[in-house]
Amino acid sequence: RITTNQIQYSNPMKRILLSLFVAIIGLGAVAEDDVTGNARSMRTQIVNYIRNEGYNPSVDDDGDIMFRYEGDNYYIQCQNYGEEVYVRTFSDMSTDESPINRVRRAADFGQNEYKFVRVLVLDGFIRTECVVSINTLSEYKRRFRSYLTIIQEVEKEIKNNYND
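As a starting point, this report considers the structure included with it. It should be emphasised that the depicted structure is a prediction, and the values quoted were computed from it without experimental measurement. (Residues numbered from 1 in each chain as written. Predicted model: local features only at pLDDT ≥ 70, side-chain atom pairs only at ≥ 80, totals over all residues. Heavy atoms only, no water.)

**Quick look at the packing of helix 2 (residues 37-52) against helix 4 (residues 137-163)**
Then, in step 1: Closest axis-to-axis distance for the helix 2/helix 4 pair is 10 Å, and the angle between their directions is 40°. Regarding the angle of helix 2 to helix 4, the classification is oblique. When the axes of helix 2 and helix 4 are compared, the crossing they make is right-handed. Of helix 4, the residues touching helix 2 (which contributes Met42, Gln45, Ile46, Tyr49 and Ile50) are Leu137, Tyr140, Lys141 and Phe144. (Axes fitted to C-alpha atoms, helices over the stretch in contact; angles between N-to-C directions. Helix = DSSP H or I, 4+ residues; strand = E, 2+ residues; numbered from the N terminus. Parallel < 35°, antiparallel > 145°, perpendicular 65-115°, else oblique. Left-handed = near helix turned anticlockwise from the far one by under 90°. Contact = heavy atoms within 4.5 Å.)

This is the structure we're talking about:
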């Protein structure tokens, strides 16, 4: 038999459990695209800019801008750091079934030849990226084509060095 006191006790528990469940679902939705504030605004501006330049950008589940340039996929991430927005422009190259030592030597060569980029050897791929801090879209627009060209050159050097 349930008394009134037990019903009153069980209702707050149900409310707490329901609140926790809703919070967990909400955190899952935020984790998919955690770009906020200035970074979100900059991302929207960059999407509009590269669309006007003739690319066909889309925003993926992680909040990254994805577009194709000369047959390759490129990505742009925007993140808040204090008052500034850090913008990462990058491309990934697959290294499946390649000897890791040769991959690392080739990546090191690319990193040393082009100081402006970072070359990361990750699980199954190499990421070549340019990361900059910006305050306005015009700062990014001035460098956008240079980022793509530099990333292409570094990836070409990595491939050449790997194949030598």
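**Quick word on the sheet that holds strand 3 (residues 72-81)**
Whenever strands of a sheet pair, they do so through backbone hydrogen bonds, lying parallel or antiparallel.
Then, in step 1: As summarised here, the arrangement of the six strands in space is 1-2-3-4-6-5, forming an open sheet in which the pairing is antiparallel. Since the sheet does not close on itself, it has two edges, and those belong to strand 1 (58-59) and strand 5 (118-122), each with one partner.
Then, in step 2: As paired elements, strand 5 and strand 6 (residues 125-134) share five bridges and run antiparallel to each other. Bridging from a neighbouring strand, valine 121 pairs with isoleucine 126 of strand 6.
Then, in step 3: Along the sheet, helix 2 contacts strand 1, strand 2 (65-69), strand 3, strand 4 (84-94) and strand 6; its crossing angle with strand 3, the most-contacted strand, is approximately 150°. (Pairing = 2+ DSSP bridges.)

**Section: the packing of helix 3 (residues 100-113) against helix 4**
Then, in step 1: Relative to each other, helix 3 and helix 4 sit at 140°, their axes nearing to 8 Å. As the angle between them shows, helix 3 and helix 4 are arranged oblique. Regarding helix 3 and helix 4, the two cross each other, and that crossing is right-handed. Residues Arg102, Val103, Arg105, Ala106, Ala107, Phe109 and Gly110 of helix 3 lie in contact with helix 4, whose contacting residues are Val154, Glu157, Ile158, Asn161, Tyr162 and Asn163.

**Observations regarding helix 3**
Then, in step 1: Between the first and last C-alpha of helix 3 there are 20 Å, a value that for 14 residues agrees with the 20 Å anticipated at 1.5 Å per step.
Then, in step 2: Along helix 3, the positions that sit buried rather than exposed are Val103, Ala106, Ala107 and Gly110. The buried residues of helix 3 occupy an angular sector of 100° when the element is viewed end-on, so they sit on one face. Set apart from the buried face of helix 3 by more than 90 degrees, the exposed residues are Asn101 and Arg105.
Then, in step 3: Each element contacted by the buried residues of helix 3 is listed here: strand 5, strand 6 and helix 4. (Expected span 1.5 Å × (residues − 1). Buried < 20%, exposed > 50% of the residue type's maximum accessible area, 1.4 Å probe, protein only. Arc of directions from axis to C-beta.)

**Here we look at the nonpolar core**
Then, in step 1: If you look at the biggest cluster of nonpolar residues, it comprises 36 residues, and the most contacted ones within it are Ile46, Ile50, Phe67, Ile76, Val87 and Phe144.
Then, in step 2: Every element with two or more residues in this core is listed here: helix 2, strand 2, strand 3, strand 4, helix 3, strand 6 and helix 4.
Then, in step 3: Looking at this core, the element that brings in the most residues is helix 4, giving ten residues. (Core = buried A, V, L, I, M, F, W, Y, C linked by side-chain atoms within 4.5 Å.)

**Considerations on the side chain of serine 91**
Then, in step 1: Within the fold, serine 91 resides in strand 4.
Then, in step 2: Apart from residues lying up to four places away in sequence, serine 91 is in contact with Asn73, Tyr74, Ile126, Arg127, Thr128, Ile151 and Glu155.

Take it as geometry only, folks, not as evidence of what the structure does.
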